[in-house]
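Next come the chains, spelled out residue by residue.
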Amino acid sequence: MVRTPAGDGPGLRERKKRQTYRTLSDTAIALFLERGFDRVSVAEVAAAAEVSKPTLFRYFPTKEDLVVHRFADHRDEAARVVAGRPAGVGPLTALHRHFLDGLDRRDPVTGLSDEPSVLAFHRLLYGTPSLLARLHGHQAAAEGALAEALGGGVGARLAAGQVVAVLRVLAEDNWRRVDAGESADAVLPDAVAAAEVAFRQLIGGLGDEPGGEGWRR
């Protein structure tokens with residue numbers, strides 16, 4: 001009998017758990033896109049995914065979480081970028097570069113994606129008030145994580161709030177233009193220019209090193 005190394009167990013369980021999250025979320029979103037968020041019950045999602053309603057709630061505490069789960073991996077993204085930045089690179093410069101890279105990759109989080117499935121998802125998200133409210137909760141968590149990565153304190157919290165707000169506005173502006181019919185390629189130059197302006201303003205007001213004059217509030 002071949003024994004599985006003890007260290008492999010949690011990894012497998014975690015992969016299965018993530019797959020279940022993904023399956024439940026994908027099933028729910030497909031139903032919401034087809035019929036509308038408010039016209040689909042949690043019980044119907046559970047039945048379509050072939051799980052019990054209590055099981056579904058163990059993974060997703062609210063109906064809205066079935067949708068905004070897609071943002072879960074990005075909740076600590078800004079904090080990870082700051083924590084992992086190269087020596088000599090300021091946190092705002094690192095975040096600016098990361099956002100520009102996202103634009104180049106047409107990352108849906110930047111709003112610059114004209115993939116039909118992404119556009120449909122964003123229409124569902126931005127067209128449902130309860131989903132937007134839940135998304136703002138994720139953004140608040142992202143803000144808290146970023147503030148910790150920036151060193152904590154009032155100055156870091158204020159800076160994190162500004163950064164998260166800038167990223168949200170840039171992404172929403174990109175999405176609205178793409179949703180109105182422009183291609184992602186056509187919007188890209190303006191998206192890059194807007195990011196340049198936004199981060200220039202942030203760096204101009206805060207500086208690019210926690211502990212500097214602009215960070216002390």
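Every chain begins its residue count from 1, and numbering advances along the sequence as written. Given that the model is predicted, a residue must reach a pLDDT of at least 70 before its local features are reported, and side-chain atom pairs must reach 80 or more before they are shown or counted; all residues, however, enter totals for whole chains, interfaces and linings. Water and hydrogen atoms were dropped before computing side-chain values, which therefore reflect all heavy atoms in the structure.

1. Side note on the overall build of the protein
- Helix numbers and strand numbers start at the N terminus; a helix is a DSSP run of H or I with at least 4 residues, a strand a run of E with at least 2. On a plain count of helices and strands, the protein comes out with 10 helices and zero strands.
- Reading the protein from its N end, one meets helices and strands in the order α-α-α-α-α-α-α-α-α-α.
- In terms of its C-alpha atoms, the protein occupies a principal-axis envelope of roughly 55 × 50 × 35 Å.
- Looking at the 217 residues of the protein, the share that counts as buried comes to 40%.
- Under the counting rule used here, the positive set is Lys and Arg, the negative set is Asp and Glu, and His together with the chain ends is not counted. For this purpose, a charge sits on NZ of Lys, CZ of Arg, CG of Asp or CD of Glu. Positive and negative side-chain charges of the protein, numbering 28 and 29 respectively, have mean locations separated by a distance of 6 Å. Using a 1.4 Å probe on the protein chains alone, a residue whose accessible area is under 20% of its type maximum counts as buried, one over 50% counts as exposed, and one in between counts as partly exposed.

2. A closer look at the packing of helix H6 (residues 91–104) against helix H9 (residues 153–179)
- For helices, the fitted axis covers only the stretch in contact; all axes are lines through C-alpha atoms, and the angles between them, taken along N-to-C directions, range from 0 to 180 degrees. Two elements in contact, H6 and H9, have axes separated by 12 Å at closest approach and are oriented at 20 degrees. Relative to H9, the element H6 is oriented roughly parallel. For H6 against H9, the interelement crossing comes out right-handed. Counting all contacts with H6, which are made through Leu-92, Leu-95, Phe-99 and Leu-103, the residues of H9 involved are Val-163, Leu-167, Leu-170 and Asn-174.
- Classes in brief: Ala, Val, Leu, Ile, Met, Phe, Trp, Tyr, Cys and Pro nonpolar; Asp, Glu, Lys and Arg charged; the others, Gly included, polar. When the residues that make up the contact of H6 with H9 are grouped by side-chain class, the tally is seven nonpolar, one polar and no charged. Here the angle decides the label: under 35 degrees means roughly parallel, over 145 means roughly antiparallel, 65 to 115 means roughly perpendicular, and every other value means oblique. By convention the crossing between two helices is left-handed if the near helix lies anticlockwise of the far one by an angle smaller than a right angle, and right-handed if it lies clockwise. Residues count as neighbours in contact if any of their non-hydrogen atoms are within 4.5 Å of one another.

3. Structural notes on the UniProt feature "domain: HTH tetR-type" (unreviewed entry) in the protein
- UniProt marks residues 18–78 with the feature "domain: HTH tetR-type" (unreviewed entry), using the numbering shown here.
- Annotation note: span residues 18–78, helix share 64%, strand share 0%, distance between end C-alpha atoms 22 Å. UniProt positions are given in the numbering used here, feature names are shortened, and annotations may be inferred rather than shown by experiment.

4. A word on unusual backbone geometry
- Even without being glycine, Glu-50 reaches a positive phi, approximately 60 degrees.
- Position of Glu-50 relative to the elements: it lies in the loop between helix H2 (42–49) and helix H3 (53–59).
- Here Arg-106, not a glycine, exhibits a phi torsion of approximately 55 degrees, which is positive.
- Along the polypeptide, Arg-106 turns up in the loop between H6 and helix H7 (116–126).

5. Looking at the nonpolar core
- The term nonpolar core refers to a set of buried residues drawn from Ala, Val, Leu, Ile, Met, Phe, Trp, Tyr and Cys, joined through side-chain atoms within 4.5 Å. One finds Leu-95, Leu-112, Leu-146, Leu-150, Leu-170 and Leu-202 to be the most contacted residues of the largest nonpolar core, which totals 33 residues.
- Those elements that provide at least two residues to this core are helix H5 (77–83), H6, H7, helix H8 (129–149), H9 and helix H10 (184–206).
- With residues near it in sequence (within four places) discarded, Leu-95 still touches Ala-78, Val-81, Val-82, Leu-146, Val-163 and Phe-199.
- By size, the runner-up hydrophobic cluster in this structure holds 23 residues, among which are Leu-31, Val-42, Leu-124 and Leu-125.

6. Quick word on H2
- Of all the residues in H2, the buried ones are Val-42, Val-45, Ala-46 and Ala-49. Summarising the axial view, the buried residues of H2 lie within an arc of 100 degrees, below the 170-degree limit, and thus occupy one face.
- Just downstream of H2 lies Glu-50, where phi reads positive at about 60 degrees. Throughout, the arc means that of the directions going from the helix axis to the C-beta atoms.

7. Focus on the UniProt feature "DNA-binding region" (unreviewed entry) in the protein
- In the numbering used here, UniProt assigns the "DNA-binding region" (unreviewed entry) feature to residues 41–60.
- The span residues 41–60 is 75% helical and 0% strand by assignment, and the distance between its end C-alpha atoms comes to 14 Å.

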